[in-house]
Amino acid sequence: MSTPTTEAAKPAWNAIVAIALGVAGLIMAEFLPAGLLTPMASDLGVTEGMAGQAVTATSIFAVITSLLLAFITRKLDRRHVLLGLSFLLVCSNLLVAFAPTFSVLLVGRVLLGVSLGGFWSMAAATAARLVPQANVPTAIAIIFGGSSFASVFAAPLSSYLGNVIGWRDVFLLGAGISVCALALQAFTLPALKPIGTTKPGTLPAVLKIPQFSSGMLAVALVFCGHFAAFTYLRPFLEQTTRVGQTPCPPFS
């Protein structure tokens, strides 16, 4: 993993906001199936359990990408990498929105996993290069504030909007947000040449540290449990607790 060693002369707050919007768009896209699982499964002719694999596919490729991207892109300008990952987010949302089959939808979710894992792993390190050292905590708070906002509102808002405009149009709205993030990043992100060193053996070496490996295992179990329950919350409420839907009138 590479460690930033340069410091910006003055803070690039516009670029920080652009990255925060990109992170929010990624988290929103990741959480959308939790609020839309039932209509997605019905429309594509699969079970809710099968539709939930859209989250599994995203998670698997996010983990793989987050571990390998720093090494694979070690010679590339960080700006170009971030823009490429944001473009994948746009493609993912559009592919899911227009997916004729569940297989095509899975391809779109795989693209999201690549974008999510890569962008997420680079966000904090990039923030440290866009502002002076004294402003790094504020910059990171802004970026991950976008993540927190999307985590709280993505699932319930998507469930409501899916009942009003349909689940495919919800993903189109997500695509619109991701296009805005991509455009803002293109206008605000400066060139960020790769710095530091990235070696493929760094991760195995770190995982050999007992405290680190046990901590990572605990975090992995927490997230596995969270998403295993969170993904299927809507089908559980509808089928087990019999919580009904109140149809919403269409927008006039």
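This text follows the structure it describes.
So, here's what we can say about the structure.

Thresholds, definitions, all that
- Residues numbered from 1 in each chain as written.
- Predicted model: local features only at pLDDT ≥ 70, side-chain atom pairs only at ≥ 80, totals over all residues.
- Heavy atoms only, no water.
- Salt bridge = Lys/Arg side-chain N within 4 Å of Asp/Glu carboxyl O.
- Helix = DSSP H or I, 4+ residues; strand = E, 2+ residues; numbered from the N terminus.
- Buried < 20%, exposed > 50% of the residue type's maximum accessible area, 1.4 Å probe, protein only.
- Phe/Tyr/Trp six-rings, centres within 6.5 Å; stacked < 30°, edge-to-face > 60°.

1. Here we look at the pattern of salt bridges
And then number 1: Following the criterion strictly, the structure yields 2 salt bridges and no others.
And then number 2: A salt bridge links Arg168 to Asp43, with the shortest nitrogen-to-oxygen separation between them at 3.1 Å. Taken together, the positions of Arg168 in helix 7 (residues 167–188) and Asp43 in helix 1 (residues 13–44) put the pair 125 residues apart, joining distant regions of the chain.
And then number 3: Judged by its relative accessible area of 24%, Arg168 is partly exposed.
And then number 4: A relative accessible area of 44% means that Asp43 is categorised as partly exposed.
And then number 5: Here Lys193 and Asp77 are joined by a salt bridge, their closest N and O atoms 3.8 Å apart. Taken together, the residues Lys193 in the loop between helix 7 and helix 8 (202–207) and Asp77 in the loop between helix 3 (53–72) and helix 4 (78–97) connect sequence positions 116 residues apart.

2. Notes on the packing of aromatic side chains
And then number 1: Throughout the structure, instances matching the rule amount to 3 aromatic pairs.
And then number 2: Between the aromatic rings of Trp120 and Phe144, the centroid separation amounts to 5.1 Å while the plane-to-plane angle is 80°, which identifies the pairing as edge-to-face. Of this pair, Trp120 sits in helix 5 (residues 102–130) while Phe144 sits in helix 6 (residues 136–165), and the two are 24 residues apart along the sequence.
And then number 3: Where Trp167 meets Phe171, the ring centres are 6.0 Å apart and the plane angle is 90°; that geometry is what we call edge-to-face. Taken together, the residues span about one helical turn, with Trp167 and Phe171 both in helix 7 at a distance of 4 residues. Each member of the pair, Trp167 as well as Phe171, is classed as buried.

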